Amino acid sequence: VSVVVVRRERNASLDDAIGADDAKRIAIYSAYVLGARDSTERVALEGDVAQFELARRRGGKPQSTRPMLWSGPSDILNMPALAVGDSRPTAPLLQILRALWTVSLRTDVNVDRLGAFWWVTEPLAHVVLITITILFVHGADVYDMPSFPFAVLGVVVWLTFRTAFIAALSGPAALTLLMDHPSVTRFAIVLIRSLKGLSVNAVVATILLVVSIYFGWTTLPQDLLKVQASLVGAFLFGLSLGLTAQLGAQHYSGLRKVYPMLLRLLAVISGLFFVSEQVPGFISNFVLWNPLLHLSQFARSGWFFTYESQDTSLGYVLACLGPAACLGLACAIADRRERARRGEYA
Amino acid sequence: VTDNTPRIELTNLLLGESEAPEGRIPRGRVVIDRVNLAIPCDRYFLVGEEADRRCFIDLLVGRRNPTEGRLRRRGRCSYPVGRTGPFAVAVTGADMVQFLADSYSFDAQGALAHLRSILPWPSVLTTRLDRASQAQRLSLSIAMLEYLRADIVVIDGSLLNPEFPADFLQHMAVKLPEMIAGRLAVISTRQAAVLQPLAAKSLIISHGQMAIADEIVPVSTRLLPAAGETIGRAPDDPAYDEVL
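Residues numbered from 1 in each chain as written. Chains lettered and ligands numbered in written order. Predicted model: local features only at pLDDT ≥ 70, side-chain atom pairs only at ≥ 80, totals over all residues. Heavy atoms only, no water.

Chemist: Looking at this model, I keep getting lost on a nonpolar patch on the surface. Mind explaining?
Modeler: Nonpolar side chains collect at one region of the surface, where V203(A), I207(A), V211(A), Y214(A), F215(A) and W217(A) lie side by side and expose about 660 Å² of accessible area between them. For Y214(A), the location among the structural elements is in helix α6 (residues 186-214). (Patch = residues over 30% accessible without salt bridge, like charges linked within 9 Å, V, L, I, M, F, W, Y side chains within 5 Å. Areas by Shrake-Rupley, 256 points an atom, 1.4 Å probe, with all protein chains shown as cover. Salt bridge = Lys/Arg side-chain N within 4 Å of Asp/Glu carboxyl O. Helix = DSSP H or I, 4+ residues; strand = E, 2+ residues; numbered from the N terminus.)

Laid out in structure tokens, this is it:
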């Protein structure tokens, strides 16, 4: 590789500024920059002045010359075109999700002092609050299920839904700048933020349920797969509805004020405090329209030997989830198109 | 040159014409007006209005989507080297290197060891990037280009920061030609005197149209103002009368 490093010769006048007082130095700088023949050269001369002044302020010997990088193309530039390394224009989604995962976790940890502490604290606080409420309302058992693990399962399903919903609603947030990287899309960032909620809640649930088993409050699960499937279902519902809600908020920003209240209402009827079998028929007929209640009852059926939900329907959950997922993806595409029209981030 | 070389294809591409008054592009302004263009592998100096060039780079790196039509990249594209925004995330420089290593498939540990020896401020690797100076982020952005397995290299910004020490500038002088050689390079910068010699052709955006010129068009920073637009520079600027 031959690279020619030449030095600018025409800026000898900056030497006059060495040792000059402030006023004289500024005058020399101005005269130097105004000597440019065009605006391109002016940028270069301004760079000379900046370099010179910086060296002077640092107390070193000001250099009136600075290296120029290229005097012309070097031989290497004339090499023939390389074949494309990978036929795909962007990295595979899984590879990008893995890359984003670490950055997303680190960002959360770094962005404020609560950081990772809050991931664990928030679900814990919810569990404690709901357990206390359940203890007041139901006593030690709820429909033959011990109160603490009952609360843990209900809260984790609900929080998984809520975290995914809010992540999709709020978009890339602190990771928006990463969208300058060609392989990173808004959807990938939203997906990873939602997945983070799923995994954090699953970890917290595991810890709390292991503690419950240790103290003899519950036993090992009857059907762990059913519990995991319920969490994934809640995650998919949250993501789908969050994407839909995000597009709605694009059209009418006032909806952002309504969503928190809707979430609270939904929380009340999502089985945090009860199962449908223990409430009067006219209420269960109403609350069973909510697929999240089905999911939380699936999770409890999967964990407790003493409870097998009679009201839940896998078919109903899938019938709701399919259209919700299609609608969410359609809204994500529509949102991308609208952003293109508005000239915003993709 | 085989057929399997990097390439950019614009198909009936419309960019601009924002519907929202608060959009980044003013309402009614068209940056690229239904252009069909194939950009074969070469080194291009992007010529045009600064806003137009920026929009095109946004489009190229996928930061924004076309209003209509399609931009197709054949080959993996780099991030816009020279922009410090993509590096202003609340993670350390080392975390960012890891992120790029995962995205572009290179060895992060090897890169980190090498970066410590060439970066003018190695402390940026342990500093949160959103708290690092612009020069520190810029140095990392440039140095990382060495590791990217990118077929399309995009340079957008002023690579020559006056705070860079001479040895880092000389390192760049050696490495930048290597990084873009044999690849499709699109260079957009106001520091034309510094980077223009790397290019072989010009990619011109003007009045909604795009064209490729086989020579480097003499560039002033605002070469081709759109009709009815002011130049946007001070009247005492020598370029002002020259361009008008």
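Chemist: Can you walk me through the confidence of the model for chain B in this structure?
Modeler: In regions of low pLDDT, the predicted coordinates are not meant to be interpreted in detail. Residue and element names in this part refer to chain B. Confidence along chain B averages 81 in pLDDT terms, with 83% of residues attaining 70 or more. Across chain B, element-level confidence peaks in strand β6 (residues 184-188) with a mean pLDDT of 93 and bottoms out in helix α7 (residues 238-243) with 37. Low pLDDT (under 50) marks residues 220-244, which in the prediction has 51 contacts with non-local residues, meaning those over four places away or in another chain. Model confidence for the complex is summarised by a pTM of 0.79, with the ipTM given as 0.80. (pLDDT = per-residue confidence, 0-100. Contact = heavy atoms within 4.5 Å.)

Chemist: Before we go on, may I ask you to explain the confidence of the model for chain A in this structure?
Modeler: Averaged over every residue, the pLDDT of chain A is 84; residues scoring 70 or more account for 90%. Scored below 50 in pLDDT, residues 1-12 of chain A makes 39 contacts in the model with residues more than four places away or belonging to other chains.

Chemist: Sorry if this is basic, but what is going on with the side chain of K196(A) here?
Modeler: All names here are of chain A. Tracing the chain through its elements places K196 in helix α6. A polar contact is formed between the side chain of K196 and the side chain of D108, at a distance of 2.2 Å. Dropping the residues within four chain positions of it, K196 is found in contact with W101, S104, L105, D108 and W119. (Polar contact = N/O pair within 3.5 Å; in protein donor to acceptor, adjacent residues only side chain to side chain.)

Chemist: In this structure, what is going on with unusual backbone geometry? I would like to understand it.
Modeler: Among all residues except glycine, the phi angle is most often negative; among peptide bonds, the trans geometry is most common. Notably, Y143(A) is not glycine yet its phi reads approximately 50 degrees, a positive angle. We classify Y143(A) as partly exposed; its relative accessible area is 38%. Phi at H207(B) is positive, roughly 50 degrees, even though this residue is not glycine. Relative to the helices and strands, H207(B) resides in the loop between β7 (201-206) and β8 (209-213). (Buried < 20%, exposed > 50% of the residue type's maximum accessible area, 1.4 Å probe, protein only.)

Chemist: Got a minute to help me understand the sheet that holds β6(B) in this structure?
Modeler: Strands in a sheet are paired, the pairing made by backbone hydrogen bonds, and the direction either parallel or antiparallel. All names here are of chain B. Spatially, five strands are ordered β5-β6-β3-β7-β8 in an open sheet, and the strand pairing comes out mixed. Each edge of the open sheet is held by one strand with a lone partner, namely β5 (152-156) and β8. The sheet shows a mean angle of 20 degrees between the axes of neighbouring strands, direction not considered. Bridge count between β7 and β8: five bridges; the pairing is antiparallel. (Pairing = 2+ DSSP bridges. Axes fitted to C-alpha atoms, helices over the stretch in contact; angles between N-to-C directions.)

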